[in-house]
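So you can see what is in the structure, the chains are spelled out below.
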Amino acid sequence: MKSAKVVAAAVLTLGWIFGLLLGAGDAPAQDPSFLIESDLYREHSQPLVEFNHDAHMYDYGYDCQECHHVFRGGENVWTDGDPTDCEECHNEPTVRNEKRLPLPKQQLNLKLAYHKNCIGCHRTYNHENHVMAAPVKCQECHTQPR
């Protein structure tokens, strides 16, 4: 009886390890690194940003809901499997003087949405850790030609 429990525990442990190795239960497949671009804009005013999704998740330990969101009643109800296409909601295309838009349009502006998420988080990280590790200047992120 005791040996059966040991064997069962070993099988479960090995199954769990293989599941981790094969990615079972992980977030949906995502390229580890990709260019952030949008068809919302015919031309980009800055070089494109290469975003390393895996580094933000695994190296820096950020949770999906720290970037992805769907707000209802003041609460982020986004869950794994929900759309991750920012421009589905943030579809206001202004790229110059976007901070002069009325507040509702600012909240829908794609450029402001990216900058609020990315630069805001980078500045917070640098401040909290007393380092300048996360880039905050335009050309530190906008590096990739289209």
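For clarity, every value in this text was computed on a predicted model and none was experimentally measured. (Residues numbered from 1 in each chain as written. Predicted model: local features only at pLDDT ≥ 70, side-chain atom pairs only at ≥ 80, totals over all residues. Heavy atoms only, no water.)

Overview of unusual backbone geometry
Threshold: A run of H or I in DSSP counts as a helix once it spans at least four residues, and a run of E counts as a strand once it spans at least two, with each numbered from the N terminus. Under the scheme applied here, a residue whose accessible area is under 20% of the maximum for its type counts as buried, over 50% as exposed, and between as partly exposed, the area being computed with a 1.4 Å probe on protein chains only.
Although it is not a glycine, Asn 97 sits at a positive phi angle of roughly 60°. Residue position: Asn 97 is located in the loop between strand E4 (75-76) and helix H3 (103-108). Positive phi, close to 55°, is recorded for His 130, a residue that is not glycine. With respect to the secondary-structure elements, His 130 resides in the loop between helix H4 (110-129) and helix H5 (138-141). Owing to a relative accessible area of 71%, His 130 belongs among the exposed residues under this scheme.

A closer look at the confidence of the model for the protein chain
Under the convention used in this document: What pLDDT reports is the predictor's confidence in each residue, on a scale of 0 through 100.
Considering every residue of the protein chain, the mean pLDDT works out to 81; 79% of them sit at 70 or more. Between the elements of the protein chain, mean pLDDT differs from a low of 43, seen in helix H1 (residues 2-22), to a high of 95, seen in H3.

As for the pattern of salt bridges
In plain terms, the rule: In what follows, salt bridge is the name for a side-chain nitrogen of Lys or Arg lying within 4 Å of a carboxyl oxygen of Asp or Glu.
Per the stated rule, a full pass over the model turns up 1 salt bridge. As a salt-bridge pair, Lys 111 and Glu 98 come within 3.1 Å of each other at their nearest N and O atoms. Within this pair, whereas Lys 111 is found in helix H4, its partner Glu 98 is found in the loop between E4 and H3, the two being separated by 13 residues in sequence. Relative accessible area serves as the criterion here: at 8%, Glu 98 is assigned to the buried category.

Overview of the environment of Thr 143
As a reminder of what qualifies: In this analysis, two residues are considered to be in contact whenever any of their non-hydrogen atoms come within 4.5 Å of each other. Whenever two N or O atoms come within 3.5 Å, that pair is a polar contact, provided that in protein one can donate a hydrogen and the other can accept it, and provided that, for residues adjacent in sequence, both atoms are side-chain atoms.
Assignment of secondary structure puts Thr 143 in strand E5 (residues 142-144). Each C-alpha atom of the pair Thr 143 and Gln 46 lies 8.3 Å from the other, and the pair is 97 residues apart in sequence. Setting aside chain neighbours within four positions, we find Thr 143 in contact with Pro 47 and Leu 48. Within the local environment of Thr 143, its side chain forms a polar contact with the side chain of Gln 144, the two groups lying 3.5 Å apart.

Re the side chain of Glu 92
Counted only if it meets this: His is not counted here, nor are the chain ends, while Lys and Arg score as positive and Asp and Glu score as negative.
Locating Glu 92 in the fold gives a position in the loop between E4 and H3. With no salt bridge to any partner, buried Glu 92 finds its closest opposite charge in Lys 105, at an N-O distance of 4.5 Å. A polar side-chain atom of Glu 92 sits 2.9 Å from a polar atom in the side chain of Thr 94. In terms of polar contacts, Glu 92 uses its side chain to reach the side chain of Asn 109, at 2.8 Å. Once residues within four sequence positions are removed from consideration, Glu 92 is found in contact with Leu 40, Tyr 41, Leu 101, Lys 105, Leu 108, Asn 109 and Leu 110.

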